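Each chain, letter by letter, is given below.
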Amino acid sequence: MNTPVIGVLALQGDVREHLIALAAADAVARPVRRPEELAEVDGLVLPGGESTTISKLAVLFGLMEPLRARVRSGMPVYGTCAGMIMLADKILDPRSGQETIGGIDMIVRRNAFGRQNESFEAALDVRGIPGDPVEGVFIRAPWVESVGAGADVLAEHEGHIVAVRQGNALATSFHPELTGDHRVHSLFVDMVRANRTPESL
């Protein structure tokens, strides 16, 4: 059986939608709130929400250092919106006390696409996703100001980078979990499946 177990960091944000999307993409999906739950998953999704709040709660729940350690060791991780910010090695305009997990050599600008009432949808060509364009839902979304040599740009919108992959880390500015199109989650599930060792199958 090669069904990966994928966690969703369940401290704040749209956790339920990711759990549903992962299950639709043939993964076993579990909420993760404690270090011992993190230790049991093959990969992890960092959901959208409020990046400063998620950062502070991760520290409070004793998850920040275990998260960094798992990402450094190669655990596949996928961040959407606030989750993208959490995976950035650098935030251009961090809030006071805001920390990141890191893992992608990129600089991210928070709320770059505007406020809540400026949310929008856009059709995106995402490298690695076959078929029709992906419908991107942007809600107080960040964009990537720049990437380092190790990061691959997968999609742009109006000249701004909105999807990036570096090794086993994937990040999007937009929310594919809100559209009913599970192709981005399927891409991540495939990343997790490919990363699993024969001993864990």
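You'll find the structure just up there.
The sections below set out a description of the structure shown in this document. Within every chain, residues take consecutive numbers counted from 1 along the sequence as written. The predicted origin of the model limits local features to residues at a pLDDT of at least 70 and limits the giving and counting of side-chain atom pairs to 80 or more, whereas totals for whole chains, interfaces and linings rest on all residues. The basis for every side-chain value is the complete set of non-hydrogen atoms in the structure, without hydrogens or water.

Points about the overall build of the protein
Reasoning step 1: Per the convention used, a helix needs a DSSP run of H or I reaching at least four residues, while a strand needs a run of E reaching at least two, with both numbered from the N terminus. When its secondary structure is counted, the protein shows 6 helices and 12 strands.
Reasoning step 2: What the globule rule says is 2.2 Å times the number of residues to the power 0.38, and the radius of gyration is computed from C-alpha atoms. Over its C-alpha atoms the protein spans a radius of gyration of 15 Å, differing by no more than 12% from the 17 Å that the globule rule assigns to 201 residues.
Reasoning step 3: Its C-alpha atoms put the protein at 45 × 40 × 35 Å along the principal axes.
Reasoning step 4: Between two residues, a contact is recorded if the distance between any of their heavy atoms is within 4.5 Å. In the protein, 66% of the contacts between residues at least 6 apart in sequence involve partners at least 24 apart.
Reasoning step 5: The Shrake-Rupley method, run with a 1.4 Å probe, gives the accessible areas here. Residue values count only the displayed protein chains as cover. Accessible area of the protein: about 8800 Å², with a carbon and sulfur share of 49%.

Focus: helix α6 (residues 183-195)
Reasoning step 1: Here the expected span of a helix is defined as 1.5 Å times the quantity of residues minus one. The terminal C-alpha atoms of α6, which comprises 13 residues, lie 18 Å apart, in line with the 18 Å expected from a rise of 1.5 Å per residue.
Reasoning step 2: With a 1.4 Å probe rolled over the protein chains alone, any residue whose accessible area is under 20% of its type maximum counts as buried; one over 50% counts as exposed, and the rest are partly exposed. Along α6, the residues classified as buried are V184, H185, L187, F188, V189, M191 and V192.

What about the packing of aromatic side chains?
Reasoning step 1: Pairing of aromatic rings covers Phe, Tyr and Trp, the last through its six-membered ring, and needs centres within 6.5 Å; plane angles under 30 degrees mean stacked, over 60 mean edge-to-face, and all others mean tilted. Here the structure, examined in full by the defined rule, presents 6 aromatic pairs.
Reasoning step 2: When the ring of F113 is compared with that of F120, the centres are 5.5 Å apart and the planes differ by 70°; the resulting orientation is edge-to-face.
Reasoning step 3: Its relative accessible area of 14% is what places F113 among the buried residues.
Reasoning step 4: Seen in terms of ring centroids, F120 and F138 are 4.7 Å apart; in terms of plane orientation they differ by 5°. Their pairing is stacked. Within this pair, whereas F120 is found in strand β7 (residues 120-124), its partner F138 is found in strand β8 (residues 134-138), the two being separated by 18 residues in sequence.

Observations concerning the layout of surface pockets
Reasoning step 1: Estimated volume of the largest pocket: approximately 200 Å³.
Reasoning step 2: As for the largest pocket, its lining consists of 15 residues, of which G49, E50, C81, I139 and R140 are closest to the centre.
Reasoning step 3: Classifying every residue of the lining of the largest pocket by side-chain character gives 4 nonpolar, 7 polar and 4 charged. A 1.4 Å probe that fits into a set of points on a 1 Å grid over the protein atoms alone but cannot get out defines a cavity; an open set with protein on both sides within 12 Å along at least five of seven lines defines a pocket, and lining residues are those with an atom within 4 Å of a point. Grid points are joined across faces, edges and corners, and a volume is the space filled by probe spheres set on the points. Lys, Arg, Asp and Glu make up the charged group, whereas Ala, Val, Leu, Ile, Met, Phe, Trp, Tyr, Cys and Pro make up the nonpolar group; the residues left over, Gly among them, are polar.

With respect to the pattern of salt bridges
Reasoning step 1: Salt bridges are defined as contacts in which a side-chain nitrogen from Lys or Arg sits within 4 Å of a carboxyl oxygen from Asp or Glu. A complete count under the given rule lists 10 salt bridges for this structure.
Reasoning step 2: With a shortest N-O distance of 3.8 Å, R30 and E40 are connected by a salt bridge. Within this pair, whereas R30 is found in strand β2 (residues 28-32), its partner E40 is found in the loop between α2 (35-38) and β3 (43-46), the two being separated by 10 residues in sequence.
Reasoning step 3: The partly exposed category is assigned to R30, whose relative accessible area is 35%.

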